[in-house]
Amino acid sequence: MAVKVKIRRPRYPEERANGARYHDPFWKRALRFCLVAALACLLLFAAVFGYYYVKYQKIVDDRLNNGPLFASTSQIYAGPREVRVGQKLSAAMIASELRRAGYNVNSALGSFQLRGDTIMIKPGPESYHNSDGASISTPDGQVTAITAENGVSLKAYELEPQLITGLSEDKNRTKRRLVTYKDIPPRVVEAVTAIEDRRFFEHGGINVMRTVKCAVDDLLTGKKSCGGSTITQQLARGFFLSPEKKVKRKLIEILISFQLEARFTKQQIFEMYANQVPLGQRGSFAINGFGEASQTYFGKDIRQLNTEEAAMLAGMIQRPSYFNPYKHPDRVMERRNVVLQSMVETGALTESEAERAKAQPIRLTSPNVDASEAPYFVDLVHDQIVQRLGDSDVSRGTLRIYTSLDPDLQRAASDAVTAGMVHVDEMVRKQHRGNKPIVYPQVALVALDPHTGQVKALVGGRNYGVSQLNHATAKRPTGSIFKPWVYATAFAQSVNGLPLADQGTFTAVTILQDVPTTFTFDNGRQSYNPGNYKDEYHGDVTALYALAHSLNNATISLGQKVGFENIAALARASGITAARGTPAVALGSYDATPLDMAGAYTVFANNGVHLNPWMLSSVRNDRGEVVADFTPEARQVMNPKAAFLTSSLLEGVMNYGYGIAARQHGFTAPAAGKTGTSHDAWFAAYSSNLICIVWIGNDDYTDVKLSGAIAAAPIWAEFMNRAIKLPQYSDMHGFSPPDGVGLYRIDKETNLLADETCPNDYTVAFLTGTQPQSTCSRMGESEGGFLSHIFGGGHNEQPQPPAYNPDGTPVEPPKKKNFFQKLFGGGGDKKE
């Protein structure tokens, strides 16, 4: 079948002219030229694009193939918390702690089941412990029974240690906690994509329309402030490029984004972004990634974030410093609510859900990095690990470093220091004179277990972000907190049957002379002229009174009798290694660190056994296999009897000496301790389950001009008041004497055994057989005679330590009597 095709001819002249033009050779050549030019441009663009694509592909390859994207840092863990029968602790509280440690249904660390007031715990293959589980019953919020899997009753059970922090990655002190995509709650993904990149799961690396719009805006305004980058572009910039805003860098960013999109899934890209994104600064550390940020700002694992918390973190991405929640909570609240509204627009939230989230306040954890991450403690741990294992072993892999730290006690220590230094600063300002700048003192606090030597809490300064100098390990003159070693040496000699010259066996009521004295040493070639505080002297005093009121000359006179070298030897055995056998040793003139002194006081609190303070327990690899275990060092340096007798004197310091300052600040549990004042202010004291040392002083070694009683003791009391409220330290109790030591009630007036006729008494420890043999009602029979008592002869007439009520107020002291009043009774109202 034939088909006829009718070709339309131009009807009008202009159409015929145009047709002629198309067939004109000039136009044909022009058209060919344009096509060739376009093809050439396309080929040139392809060549340039290919060149740079290959060039930056190599850069990307080198970055991706040169080890992991993120440095594998070692993790620092706290000590395992011990649950004991009798503690005030609920099953729900135990479950909460296990969740924070990482226990869940599928965790290799372990799992648990909560059934009412009972919790069943099963450690996993990567647990710090072995696989032995236990069941803990807590009716009415108190632990009543702990049962092992095999049915054996236990007195205690250790929980999985908590993660404190990771070591910083680099010289910039970057901190991050790596998370996987499955760890990230959907709300975090929804919040980030809603505010940063709504088409993230749809585009191929760049949002073309958004990029063009931002390019036009920047061109018109000249500010280069429009944020058109996708999440992939932000990741490319963070990993491979500088933050400068230039066209060339933007083009390279796009090229690298294509590379990343071609290599990874969207989930992998988001995971990398979630670990890389900068989210502010805390102290001297840079916070990178949502894992670290959730712990920093909310004190919780990323998996526990709720909607409003996820929105806050997503809102901070734009300008982390500007949206610092601690400094600018109003800005952060406004920005968070913008994110929540964006989530409504993307369908992630309903309007009602968003409104409920907007109504919530911003709840942040403490901004004090010292409280949550114990940075001074962590620095010490890092130094010890490097010293023992080598720097390469620490930096090359993910070690699990298990320590002695108690996170609850660390928070108590940091908060106590913060509160206490406010009052110290007030005192410094009040005593300031002249136009010179005020020098505010530094501080250190060390708390350890007196029976294990574990360092439970450590604060090394006022603010780690301002100064990383660790004052807990800085050597300073110890002052009067050293004096107990003088009395301990005397007790040790008494236990060994060595009497004091002309005074018999040394006891708490042995008379010492507190008078101006020149002491000689070095075979008489050198002399020493000490003085008491305010040059006040008390004459004949008991040893108990001399230590309670920190009398210098009385203490040195005792030191001369027992031998200064003997005192120094005992001090060195107790960890005060700088001590030397001179008269000045008795007043604490030789240096030691607060950490050293915490260890030294274990001698008194632990039956004469010295424990070196320790922080490192065990180091394991990422599979839970032991790399190294560390054993604490312990040594018996004093007879337990001598240790308890010294401790009894230190109880006197707390109850009717300068240590009463701690009682006046509300701490009433049994305790023993000593104030110290040199150029610095010290307070060293302990209960049955905690030793705590507080030091305050100036970095330039100038006199802080504050006594230990008014500056350091209140901080100690603040800390101990917080500690005793924690379940693990709530069972503080009195000190029990060893065999061969007895507790006796002594009359304050006569220093003889008290009976019903002299109720104004106090308790004193004596080596069995060395206590007074007469009672206060029969004072003349063997302790000096009737007239001796009346006229003040012998050793009974002396200043006596005042008594204090439980609230810290002084009990009215006994009235002084004149001659006729001593004979016939009566007396005046004047106090001593």
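Residues numbered from 1 in each chain as written. Predicted model: local features only at pLDDT ≥ 70, side-chain atom pairs only at ≥ 80, totals over all residues. Heavy atoms only, no water.

1. Topic: the sheet that holds strand E13 (residues 400-403)
Part 1 of the argument: The sheet built from five strands is open, its strands ordered E9-E1-E13-E23-E24 with mixed pairing. Either end of the sheet is taken by a strand with one partner, and the two such strands are strand E9 (163-166) and strand E24 (626-629). Strand-to-strand twist in this sheet, taken as the mean axis angle between neighbours without regard to direction, amounts to 20°.
Part 2 of the argument: Here strand E23 (residues 616-620) runs beside E24; their pairing, made up of three bridges, is antiparallel. Note that in E24 the partner of Ser618 across the bridge is Asp629.
Part 3 of the argument: Lying over the sheet, helix H14 (residues 375-389) contacts strand E1 (75-77), E9, E13, E23 and E24, oriented at roughly 60° with respect to E23. (Pairing = 2+ DSSP bridges. Helix = DSSP H or I, 4+ residues; strand = E, 2+ residues; numbered from the N terminus. Axes fitted to C-alpha atoms, helices over the stretch in contact; angles between N-to-C directions. Contact = heavy atoms within 4.5 Å.)

2. Examining helix H20 (residues 564-573)
Part 1 of the argument: Looking only at H20, the buried set comprises Phe564, Ile567, Ala568, Leu570, Ala571 and Ala573.
Part 2 of the argument: In the core, the buried residues of H20 are packed alongside helix H17 (484-495), helix H19 (552-562), strand E22 (609-611) and strand E25 (634-636).
Part 3 of the argument: Looking at the residues trailing H20, positive phi occurs at Gly575, about 100°. (Buried < 20%, exposed > 50% of the residue type's maximum accessible area, 1.4 Å probe, protein only.)

3. Examining the pattern of salt bridges
Part 1 of the argument: A complete count under the given rule lists 23 salt bridges for this structure.
Part 2 of the argument: Between Asp408 and Arg81 there is a salt bridge; the shortest N-O distance is 3.8 Å. Of this pair, Asp408 sits in helix H16 (residues 407-431) while Arg81 sits in the loop between E1 and strand E2 (82-84), and the two are 327 residues apart along the sequence.
Part 3 of the argument: Note that Arg84 is salt-bridged to Glu82, the shortest N-O span being 3.3 Å.
Part 4 of the argument: What makes Glu82 partly exposed here is its relative accessible area of 33%.
Part 5 of the argument: The network of salt bridges with shared partners includes Arg81, Glu97, Arg100, Asp408 and Arg411. (Salt bridge = Lys/Arg side-chain N within 4 Å of Asp/Glu carboxyl O.)

4. A word on the packing of helix H4 (residues 186-196) against helix H11 (residues 329-345)
Part 1 of the argument: Two elements in contact, H4 and H11, have axes whose closest approach is 8 Å; the angle formed by their N-to-C orientations is 95°. As the angle between them shows, H4 and H11 are arranged roughly perpendicular. Within the contact between the two elements, H4 uses Arg187, Glu190, Ala191, Ala194, Ile195 and Glu196 and H11 uses Arg335, Val338, Val339, Ser342 and Met343.
Part 2 of the argument: When grouped by side-chain class, the residues that make up the contact of H4 with H11 number six nonpolar, one polar and four charged. (Parallel < 35°, antiparallel > 145°, perpendicular 65-115°, else oblique. Nonpolar A, V, L, I, M, F, W, Y, C, P; charged D, E, K, R; others polar.)

5. Here we look at the state of the cysteines
Part 1 of the argument: Under the counting rule described, the total for this entry stands at one disulfide.
Part 2 of the argument: Through a disulfide, Cys758 is tied to Cys776; the S-S separation comes to 1.4 Å. The disulfide joining Cys758 to Cys776 has a torsion of about -45° about its S-S bond and is therefore left-handed. Within this pair, whereas Cys758 is found in the loop between strand E29 (741-747) and strand E30 (761-767), its partner Cys776 is found in the loop between E30 and helix H27 (786-791), the two being separated by 18 residues in sequence. Across the pair, Cys776 and Cys758 agree in class, each one buried. (Disulfide = S-S within 2.5 Å.)

6. Quick notes on helix H6 (residues 231-240)
Part 1 of the argument: Extensive coverage of H6 is indicated by the burial of eight of its 10 residues.
Part 2 of the argument: Of all the residues in H6, the buried ones are Ile231, Thr232, Gln233, Gln234, Leu235, Ala236, Phe239 and Phe240.

7. Digging into unusual backbone geometry
Part 1 of the argument: Even without a glycine there, the phi angle at Ala374 is positive, about 45°.
Part 2 of the argument: Mapped onto the secondary structure, Ala374 falls in the loop between helix H13 (369-373) and H14.
Part 3 of the argument: Ala374 gets classed as buried once you look at its relative accessible area, which sits at 1%.

8. Looking at the side chain of Asp680
Part 1 of the argument: Checked against the element boundaries, Asp680 lands in the loop between strand E26 (672-677) and strand E27 (681-686).
Part 2 of the argument: Using a relative accessible area of 1% as the deciding quantity, one classes Asp680 as buried.
Part 3 of the argument: Of the polar contacts made by the side chain of Asp680, one reaches the side chain of Arg476; its length is 2.9 Å.
Part 4 of the argument: Among the polar contacts listed, one links the side chain of Asp680 to the side chain of Trp695, at a separation of 3.0 Å.
Part 5 of the argument: Those residues in contact with Asp680 that lie beyond four places of it in its chain are Arg476, Pro477, Trp695, Ile696, Gly697, Asn698, Val704 and Leu706. (Polar contact = N/O pair within 3.5 Å; in protein donor to acceptor, adjacent residues only side chain to side chain.)

9. Examining a nonpolar patch on the surface
Part 1 of the argument: On the surface, Leu39, Leu42 and Leu43 cluster together into a nonpolar patch covering about 310 Å² of accessible area.
Part 2 of the argument: For Leu43, the location among the structural elements is in helix H2 (residues 25-65).
Part 3 of the argument: For Leu43, a relative accessible area of 54% puts it in the exposed group. (Patch = residues over 30% accessible without salt bridge, like charges linked within 9 Å, V, L, I, M, F, W, Y side chains within 5 Å. Areas by Shrake-Rupley, 256 points an atom, 1.4 Å probe, with all protein chains shown as cover.)

10. Some details on the packing of aromatic side chains
Part 1 of the argument: Under the criterion given, the structure shown has 20 aromatic pairs.
Part 2 of the argument: Aromatic side chains Tyr656 and Tyr762 sit 5.7 Å apart centroid to centroid with 70° between the ring planes, which places their arrangement in the edge-to-face category. Taken together, the residues span a long stretch of sequence, with Tyr656 in helix H23 (residues 640-656) and Tyr762 in strand E30 at a distance of 106 residues. The residues Tyr656 and Tyr762 share a single accessibility class, namely buried.
Part 3 of the argument: Aromatic side chains Phe667 and Trp716 sit 5.2 Å apart centroid to centroid with 85° between the ring planes, which places their arrangement in the edge-to-face category. Remark: Trp716 occurs in helix H26 (residues 713-723) and Phe667 occurs in the loop between helix H24 (660-664) and E26; sequence separation between them is 49 residues.
Part 4 of the argument: Grouped by ring-pair contacts, the aromatic residues Phe482, Trp485, Tyr601, Phe604, Tyr686 and Phe735 constitute a single cluster.
Part 5 of the argument: Over the ring of Tyr322 we find Arg319; its NZ or CZ atom is 3.9 Å from the centre of that ring. (Phe/Tyr/Trp six-rings, centres within 6.5 Å; stacked < 30°, edge-to-face > 60°. Lys NZ or Arg CZ within 6 Å of the ring centre and 35° of its normal.)

11. Looking at the nonpolar core
Part 1 of the argument: Counting residues in hydrophobic clusters, the biggest one holds 101 residues, and the most contacted among them are Trp485, Tyr487 and Tyr601.
Part 2 of the argument: Considering each element in turn, this core owes the most residues, eight residues, to H23.
Part 3 of the argument: Not counting residues up to four positions away in its chain, the partners in contact with Tyr601 are Ile481, Pro484, Trp485, Leu650, Lys674, Ala684, Tyr686, Ile691 and Ile693.
Part 4 of the argument: With 51 residues, the next largest nonpolar core counts Met316, Val339, Leu340 and Ala354 among its residues. (Core = buried A, V, L, I, M, F, W, Y, C linked by side-chain atoms within 4.5 Å.)

12. Remarks on the side chain of Ser617
Part 1 of the argument: Turning to its location among the elements, Ser617 is positioned in strand E23.
Part 2 of the argument: Owing to a relative accessible area of 15%, Ser617 belongs among the buried residues under this scheme.
Part 3 of the argument: Not counting the four nearest positions on each side in its chain, Ser617 is found in contact with Tyr128, Tyr402, Thr403, Asp629 and Phe630.

13. A few points about the pairing of strand E6 (residues 145-148)
The two faces of a sheet get side chains in turn, since along a regular strand they alternate between them.
Part 1 of the argument: Along E6, the buried face is formed by Ile146 and Ala148; none of Ala145 and Thr147, which line the opposite face, is buried.
Part 2 of the argument: Direction of pairing for E6 relative to strand E7 (residues 153-154): antiparallel, over a ladder of two bridges. Counterpart to Thr147 in the pairing with E7 is Ser153.
Part 3 of the argument: Remark: four residues form the turn of the hairpin made by E6 and E7, two consecutive strands paired antiparallel; Gly151 in that turn has positive phi of roughly 90°.

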